[in-house]
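# Understanding the architecture of this molecule
Now for the letters of each chain:
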There are 2 protein chains.
Amino acid sequence: MIKLGENTFWLSGRTGITARAAVAGPIEGKGPLGEMFDKVYKDEKCGQTSWEMAEGQMLSDCLDTILVKGGKTPQEVDLLLSGDLLNQCMSTAIATRDRNIPTLGLYGACSTMAESMCIASLIMEGAATRNIICMTSSHYCSAEKQFRFPLELGGQKPKSSQSTVTGAGGNMLTWDGGNVCITAVTPGCVRDPGVTDSNNMGGAMAPAAATTIATHLKDTSRPPEYYDMILTGDLGELGKEMCGQLTMELGYDISKQLQDAGTMVYAPEESINTAGTSGCGCSAVVLNTVILDKLEKGELNKVLFVGTGALHSPALLNEKQPIPVIAHAVSIERR
Amino acid sequence: MIKLGENTFWLSGRTGITARAAVAGPIEGKGPLGEMFDKVYKDEKCGQTSWEMAEGQMLSDCLDTILVKGGKTPQEVDLLLSGDLLNQCMSTAIATRDRNIPTLGLYGACSTMAESMCIASLIMEGAATRNIICMTSSHYCSAEKQFRFPLELGGQKPKSSQSTVTGAGGNMLTWDGGNVCITAVTPGCVRDPGVTDSNNMGGAMAPAAATTIATHLKDTSRPPEYYDMILTGDLGELGKEMCGQLTMELGYDISKQLQDAGTMVYAPEESINTAGTSGCGCSAVVLNTVILDKLEKGELNKVLFVGTGALHSPALLNEKQPIPVIAHAVSIERR
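Here the structure is a predicted model, which is why all the values come from computation and not from measurement.

## Remarks on the interface of chain A and chain B
- Opposite the 54 residues of chain A that make contact, chain B presents 54 residues.
- The set of elements that each furnish at least two residues to the side of chain A that touches chain B consists of β1 (2–4), α2 (51–70), β5 (79–84), α3 (90–96), β6 (103–105), α4 (112–124) and α10 (314–318) of chain A.
- Examining the composition of the side of chain A that touches chain B, we find that four residues originate from one element, α4(A), more than from any other.
- When grouped by side-chain class, the residues that make up the side of chain A that touches chain B number 27 nonpolar, 16 polar and eleven charged.

## Examining the relation of the copies chain A and chain B
- Rotating chain A by 180° and translating it 0.0 Å along the rotation axis places it on chain B, where the RMSD comes to 0.0 Å. When the rotation and shift are considered jointly, the pair of chain copies conforms to a two-fold rotation axis.

## A short note on helix α9 (residues 280–297) of chain A
Residue and element names in this part refer to chain A.
- The end-to-end C-alpha distance of α9 is 25 Å, a good match for the 26 Å that 18 residues give at a rise of 1.5 Å each.
- Of all the bends found along α9, the most pronounced is centred on Leu287 and spans about 40°.
- Of the residues trailing α9, Gly298 is marked for its positive phi of about 85°.

## What about the environment of Thr136(A)?
All names here are of chain A.
- Looking at the element boundaries, Thr136 is found in strand β7 (residues 131–138).
- Sequence spacing of Thr136 and Thr92 is 44 residues, and the spatial spacing of their C-alpha atoms is 7.5 Å.
- Aside from chain neighbours lying at most four places away, what touches Thr136 is Ser82, Gly83, Asp84, Thr112, Met113, Ser116, Ala168, Gly169, Gly170, Cys280, Gly281 and Ala284.

## Here we look at the pairing of strand β3 (residues 15–24) of chain B
Residues and elements named next belong to chain B.
- Most of β3 is tucked away: ten of the ten residues are buried.
- Bridge analysis of β3 against strand β9 (residues 167–175) gives nine bridges, and the strand direction is antiparallel. Counterpart to Gly16 in the pairing with β9 is Thr174.
- With two bridges connecting them, β3 and strand β4 (residues 39–40) associate as parallel partners. Bridged to Val23 within β4 is Lys39.

## With respect to the confidence of the model for chain A
- Mean pLDDT over chain A stands at 96; residues scoring 70 or higher make up 100%.
- Taken together, the chains of this predicted complex give a pTM of 0.97 and an interface ipTM of 0.96.

## Brief notes about helix α6 (residues 201–220) of chain A
Residues and elements named next belong to chain A.
- Across its 20 residues, α6 extends 28 Å between first and last C-alpha, which sits within 8% of the 28 Å expected from 1.5 Å per residue.
- By the largest-angle criterion, Pro207 marks the main kink of α6, which is about 25°.
- Among the 20 residues of α6, 16 are classified as buried, and the element is accordingly described as predominantly covered.
- Looking one or two residues beyond α6, the residue adopting positive phi is Ser221, at roughly 55°.

## Re the environment of Gln57(A)
All names here are of chain A.
- On the secondary structure map, Gln57 appears in helix α2.
- In this structure the C-alpha to C-alpha distance between Gln57 and Asp260, which are 203 residues apart in sequence, comes to 27 Å.
- Not counting chain neighbours up to four residues away, the residues in contact with Gln57 comprise Cys46, Gly47 and Gln48.

## A word on the packing of helix α2 (residues 51–70) of chain B against helix α5 (residues 140–147) of chain B
Residues and elements named next belong to chain B.
- At a minimum axis separation of 8 Å, α2 and α5 run at an interaxial angle of 135°. With respect to each other, α2 and α5 are oriented oblique. The handedness of the crossing between α2 and α5 comes out as left-handed. Listed contacts from α5 to Trp51, Glu52 and Glu55 of α2 are Cys141, Ser142 and Lys145.
- For the contact of α2 with α5, a count of residues per class yields two nonpolar, one polar and three charged.

Cut-off values and rules
- Residues numbered from 1 in each chain as written.
- Chains lettered and ligands numbered in written order.
- Predicted model: local features only at pLDDT ≥ 70, side-chain atom pairs only at ≥ 80, totals over all residues.
- Contact = placed C-beta atoms within 7 Å.
- Helix = DSSP H or I, 4+ residues; strand = E, 2+ residues; numbered from the N terminus.
- Nonpolar A, V, L, I, M, F, W, Y, C, P; charged D, E, K, R; others polar.
- Least-squares fit on C-alpha atoms with pLDDT ≥ 70 in both.
- Expected span 1.5 Å × (residues − 1).
- Bend = angle between axes of the 7 residues up to and from the residue.
- Buried ≥ 20, exposed ≤ 12 C-beta atoms within 10 Å, placed from the backbone.
- Pairing = 2+ DSSP bridges.
- pLDDT = per-residue confidence, 0-100.
- Axes fitted to C-alpha atoms, helices over the stretch in contact; angles between N-to-C directions.
- Parallel < 35°, antiparallel > 145°, perpendicular 65-115°, else oblique.
- Left-handed = near helix turned anticlockwise from the far one by under 90°.

Written out as structure tokens, the structure reads:
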């Protein structure tokens, strides 16, 4: 491992992705990724008594699926990195309790999938770990209740708002495994662009994404064309446009490469009233279905995955404080 | 780095602690550690408008102090690992925003100080990082408001309850630096011992601490006597006693080595109505004052620091779910 430039760590490329899973709610199941999910739940409760328990169940099912698809017992997994949006990462606690896998809890809001892969691949360079599982979840109903208003209020939303993905996704990183590997990571800094609108997460996160992308390209001396795709986590339509413009202002034209996971989950008829989707589960289910599938098959060769997180806290907004944001980049390449 | 036994990572010992800081509230300032704090605030608001903002200010001051004492600019710090007890780790967001240091957010409840040192020292073995800052905070008033009842209600508490430390602590880990280094880490698993009483955190966490301590001793083939002290994070009087008994049942008599940070913060007259202190700040301020001071001076040579965390969520308790718990161990030795 070598540190490059400001914030980028150049990895050996020996850490590969050997299993991946994604489960999702019924609306997500009807979207373009529907066929690729390992499980689609019939309703938002996922057989549980509450939305929070449902989210925990999804993450738990996701973990089971990763273990089965990776062909590993819990004893063969060295570390489990997980976090989610619920207060005290409740979903992670539910999914990991009594699993007998050493667990490191994360809080990176919607950047968690990328954050977990950054940490896991950095740790793996030290070479004592064979398998690390990275995962995260979110749930539309539990997130609205916690961050905005309970759904029962029937509140209306502006078109800038994004819907939290009901789903969980994750993968297993294995030293010297898989045909898709991680070649570099650029962990991001917490930024405070001054946005206070909790219905405009994409606008809040776009500056963080742009900064991390520009830092990564500068640190690695890679032009945008190096990548087949630069995939941001959950900026939505508005945030994606802003991110492209802001990255251009920082000297990089990424218009040909930029895609956003927040525009890939819902069917067109579902997304008509929103700017797209968001939530920890958003980038997690997109990465761990269509993106890694294309990388494994050679339909994509090099993807810069940029998890974006709004560290949005209702208590911070009550204090009239803006929403801090962060973005972490993971360079994923076909061997 | 070599993996030993079930869950322990044997490190090169090249990661040392080169700076440390701890700041605290007025009650903590009157306790036995008072003289050792870098800053003691006159009141719980720390010059801010709310308890949450006060906690963020403490953590921010702690970060400033680590940078000054370590003689490093933000540009010289490769990574910052931080988490706290507030929903969405609000205190971390406040302290880290616009610092220009790549930041990885953690959620490990009161185990955060140990969790951050586990991750940092594992990452450092890959050798590209020079300096990583680890830190955390908690605040009595913000924690009571969020997890139990607002202080204004004047609720009474059972004697098993512990008071959250108002304080922040952290340190800088440096590759090939310092005379005190990290020789091994044992990240813990999430356990669910079935405790549902949010006023008995020590009882909930004791089984996690005992399991992690026994795993560490077994994995490393070290007898308890190898350590001058086994320091748990915040079990309090009751939890400490339980931890000793449970570790004995697992085959290790640690009665001579076991100490708990939750019994070291308050002056005797303050602790008379509680079982001790807890909170992320508890183990953070104890480790980063008296414990590391004694290690640096040679008054202690080998300490097993076991951060203990109750992943307690009010929403989980509303679901009649027990409190999941975790404990991470960090072996800290004088070179």
